[in-house]
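These are the residues of each chain, in order.
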Amino acid sequence: MNIVLRLAWRNIWRQPRRTWLTTGAMVFSNSLLVFMISLQFGMYDLMINNTLRSFSGHLQVQAPGYKDDLKMRQSVPGIQVLAAMFREDDGSTKVAARGAAFALVSSEERSYGIQVFGVEPVFEPGVSNIPGLIKQGRFLGDLHAPEIVIGKVLARNLRAGLGDELTLLGSGRDGSFAAVIVSIVGIFDSGIPDMDRSIAEMPLGLFQETFAMGDAGHQLAIATPDLASVPAAVMAAEQLLPAGSGLVVHDWNALHPGLKQAIQADLTSAWFMYGMLVILVAFSVMNTQLMSVLERTREFGIAMSLGLTPGRLGRLVMLETGLMGCMGLLLGAFLGGLVTTWFTYNGFAYPGMDELAVNFNLPSRIFPSVTFGTLFAGPAVVFAGTLAAALYPALRLHWLQPVEAMRAA
Amino acid sequence: MGELRIVTLLAWRNLWRNHRRTLIMLIAVTVGVWAMIFMTALMRGMIIDMVRDGVRVLPGHVQIHHPEFRDDPSVNNLIPASGAELNRRFADKGFEAWATRVKVPAVITSERESRGVTLLGIDPAAEAPISFVADDIVQGRFLEDDSDTGVIIGLKLADKLDTELGKRVVLMSQDQNNEIADRGFRVVGIFDSDPDGHEEAFVFAGRATIQKMLRIGDHVTEVVFLGDDYRDVEPLYEKVSGLAGADVEVRRWTELDTYLSTMLTVMDGFVFVWVIVIFLTLSFGLVNTLVMAVFERVREIGLMLALGMRPANILGQVVVESLLLLVIGLALGNFIAWMTIEPLKDGIDISAVAQGMEMMGASSILYPVLEMDDVVTANIVVLVLGFLASLSPAWRASRYQPVEAITKV
């Protein structure tokens, strides 16, 4: 084995420029792949986490049909007690009970239709970012106080500020007329225009009184420490629900179907592009190896007439490819890792990105991070592709007739 | 000129001397070119769809508002000129299509539920060529004239409100004194648009009816104009600005929907980058092939030089050889790309990721669009870069010393 290895190594350096050009193709595409894959997966993670942390949480307990119909009467009974039960069961997850309704909110000068959420002031910050994004005033305090927290854009549209009173008009769970007057105690700025324009939060107790909810709510939002713990959390939640309650558990895929699909769509187009790169590099390698085999026809002919089997010759060719492939893999991963790490510190942005980023809950500057997976996934596939490409030249050797070969030019 | 003929003849013959190698390179170039064009056609199609949809929703290529309307889209910021005045300014001035509308935030209440929506008072005749609704009616009818007392709502909204064709709803907004302005309407039509978000956001009624409800006389909140090319709105913008007067704000669609216009620009950049990346990957193989081809023919080149051929013609041979290869690859790649795109003209159904596409604002059927600009870009990049890539081996070939070259082993 040792001698074959040494032969292979010596062979690839017989034509240094050719070897460097072939390796160059691999290094180029590998660096590109490392960078793009790191960026891509970093972005996906960010997108998902940002979206989930902004409001919805990783999973929710709701009444059946509520997710699609959003009707007031599809409520979760005894929601605060249920929330407390969930909290006792698993300390690592954060649980928040909420009620939701559509209402007409009026300031002195303007009125708008918005979504109002009744929240538990103590527990809401564990699930949603909004309490932490209050830029003026404070978040809610008492469970029954006539207070409200609104977004920056809504405040501007309503021409209202801290301390101003707002009137909320809507219909309660039983269809009755619901009205309440609250004062603005906090204004939040989430950076997401839709949230800042159309969401307001009030204390859950007041919400339940105003909208004739009794002790019910509409969503039990649960945040897990990371995405990987979601399936287990879903199962645990289903166990914990009182039997016969009919309540359902939705994970974030069900709550945000668009999210996973947007990622899938992006991944598919990315696979296509990566696939193209791998194929083109494979062609380069096939060409190189073919040429190198053809020009050694006489040499191989002599070797075969001396007793070397075509199989071993084939293995020699594959080994040569393997060595170049390794060089390409290591150098490419190294270079790619270097470039990506530079962006880890300096952030990556291209012109026009901030507009697009807002739509997907992404910051306007992304800091990709290199992991073992993102570093070697792309180059590994390229390596496999180059080995596959070298099969054709290697297999051709089976048909080599030693005598003819020795006479070749 | 005779020299050029000889050079080309020699280059062509050289190309096919090692037909296996040339063929492999040719396949690589063809696949690369196909990938360039196919991918960009898909992306281009998606963007064009998105923009067309977006422009239909805005609607229009240019819009006019009260200067403070965009910041505060309320009924207090009406366009100062009356409807009659606007008619005088813009009618019969040769616009492809134009319409005035009243756009205000409102709350729609059915028997059971209420929602915040954007209410649009329109003139159906003028509106039809500009916005999306007339085409998307699936139940009932569109509005008959601007005094129609019916209302058109989206399918999803009808669902959420638990209402249907023929039922009554109440629309509630505010007038200029911040008094509630409301009126009962009958649902006379239901529309189904793609993307779905519009179905929940917009409600259409007759302009005159809404003007009466809001007590704003003959005034409107916006005037919209359609030009003939969404890519080039400058001429339309100039024309509208000239006629609009000083008391209003005139805006192009690119300013009103920055997300879409940014997408358009980013896509142009993306096409360019993608073409370059593919080419760079190919270039390693291309240069390798040329270097090998030259290397094999050192003695022959030396002989030609010794017999008096000018070095420039040697250089020419190599360059032309490379260009011939690329031209054939381009021709084949373009052809195959066209062949694969034509049958897909009816659209690729990607409804599996429909909701993800909604997030991006795209529809769930992908129509590839072969834009001449993109094809030309790809071809030019390949030719120019290919020419540059071939210069190095060509230059080295022309620098051979005849005596050394002839005697090379």
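Refer to the preceding data block for the structure.
What you are looking at is a predicted structure, and each value in this text was computed from that prediction instead of being measured.

Some thoughts on the overall build of chain B
Assigned secondary structure in chain B consists of 15 helices and twelve strands. Against the globule reference of 22 Å for 409 residues, chain B gives a C-alpha radius of gyration of 31 Å, more extended than a compact globule. The principal-axis extents of the C-alpha atoms in chain B amount to approximately 100 × 45 × 30 Å. Looking at chain B as a whole, 55% of its 409 residues are labelled buried. Of the contacts made within chain B by residues no fewer than 6 positions apart, 77% connect residues no fewer than 24 positions apart. With the model as given, the accessible surface of chain B reaches about 17200 Å², and the carbon-plus-sulfur share is 58%. If the 37 positive side-chain charges of chain B are averaged to one point and the 53 negative ones to another, these points end up 10 Å apart.

Observations concerning the nonpolar core
Counting residues in hydrophobic clusters, the biggest one holds 110 residues, and the most contacted among them are Phe86 and Leu220 of chain A together with Trp253 and Met357 of chain B. The residues contacting Trp253 of chain B, other than those within four sequence positions of it, are Val51, Val55, Leu58, Gly60, His61, Tyr230, Val233, Leu260, Ser261 and Leu264 of chain B. Of all hydrophobic cores here, the second largest spans 42 residues; its members include Trp98, Ile153, Val187 and Val223 of chain B.

Focus: the interface of chain A and chain B
With 61 residues of chain A at the contact, the number on the chain B side is 61 residues. Both sides together, the interface formed by chain A and chain B hides about 5300 Å², and carbon and sulfur atoms give 65% of it. At the junction of chain A with chain B, the criterion picks out zero salt bridges. The interface formed by chain A and chain B contains eight residue pairs in polar contact (both at pLDDT 80 or more). Here the element with the most residues in the side of chain A that touches chain B is helix 11 (residues 257-295) of chain A; it accounts for 24 residues. For the side of chain A that touches chain B, the per-class residue count stands at 30 nonpolar, 17 polar and 14 charged.

Side note on the pattern of salt bridges
Per the counting criterion, the structure on display carries 34 salt bridges over all chains. For the salt bridge of Arg14 of chain A with Glu299 of chain A, the shortest nitrogen-to-oxygen distance reads 2.7 Å. Residue Arg14 of chain A is found in the loop between helix 1 (2-12) and helix 2 (16-56), and its partner Glu299 of chain A is found in helix 12 (residues 297-305); the two are separated by 285 residues along the sequence. The salt bridge involving Asp194 of chain A is made with Arg197 of chain A; its shortest N-O contact spans 3.5 Å. Placement of the pair is Asp194 of chain A and Arg197 of chain A together in helix 7 (residues 193-198), with a separation of three residues, close to one helical turn. Residue class for Asp194 of chain A comes out exposed when judged on its relative accessible area of 52%. Through salt bridges that share partners, Glu234, Glu249, Arg251, Arg252 and Glu255 of chain B make up one connected network.

Some words on helix 12 of chain A
Residues and elements named next belong to chain A. Every buried residue of helix 12 is accounted for by Thr297, Phe300, Gly301, Ala303 and Met304. Buried positions in helix 12, seen along its axis, are confined to an arc of 165 degrees and lie on one side of it. Those residues of helix 12 hidden inside the fold are in contact with helix 11, helix 13 (310-346) and helix 16 (402-407). Downstream of helix 12 by one or two residues, Gly307 has phi in the positive range, about 115 degrees.

Section: the environment of Val75 of chain B
Residues and elements named next belong to chain B. Looking at the secondary structure, you find Val75 in the loop between strand 1 (62-65) and helix 3 (83-90). On the basis of relative accessible area, Val75 is assigned to the buried category, the value being 3%. Residues Val75 and Pro129, 54 residues apart in the sequence, show an inter-C-alpha distance of 26 Å. In contact with Val75, other than residues within four places in its own chain, are Val104, Gln174, Asp175, Gln176, Leu214 and Ile216.

Rules and cut-offs
Residues numbered from 1 in each chain as written. Chains lettered and ligands numbered in written order. Predicted model: local features only at pLDDT ≥ 70, side-chain atom pairs only at ≥ 80, totals over all residues. Heavy atoms only, no water. Helix = DSSP H or I, 4+ residues; strand = E, 2+ residues; numbered from the N terminus. Rg over C-alpha atoms; globule rule 2.2 N^0.38 Å. Buried < 20%, exposed > 50% of the residue type's maximum accessible area, 1.4 Å probe, protein only. Contact = heavy atoms within 4.5 Å. Areas by Shrake-Rupley, 256 points an atom, 1.4 Å probe, with all protein chains shown as cover. Lys, Arg positive; Asp, Glu negative; His and termini not counted. Charge placed at Lys NZ, Arg CZ, Asp CG, Glu CD. Core = buried A, V, L, I, M, F, W, Y, C linked by side-chain atoms within 4.5 Å. Buried area = accessible area lost by both parts, 1.4 Å probe. Salt bridge = Lys/Arg side-chain N within 4 Å of Asp/Glu carboxyl O. Polar contact = N/O pair within 3.5 Å; in protein donor to acceptor, adjacent residues only side chain to side chain. Nonpolar A, V, L, I, M, F, W, Y, C, P; charged D, E, K, R; others polar. Arc of directions from axis to C-beta.

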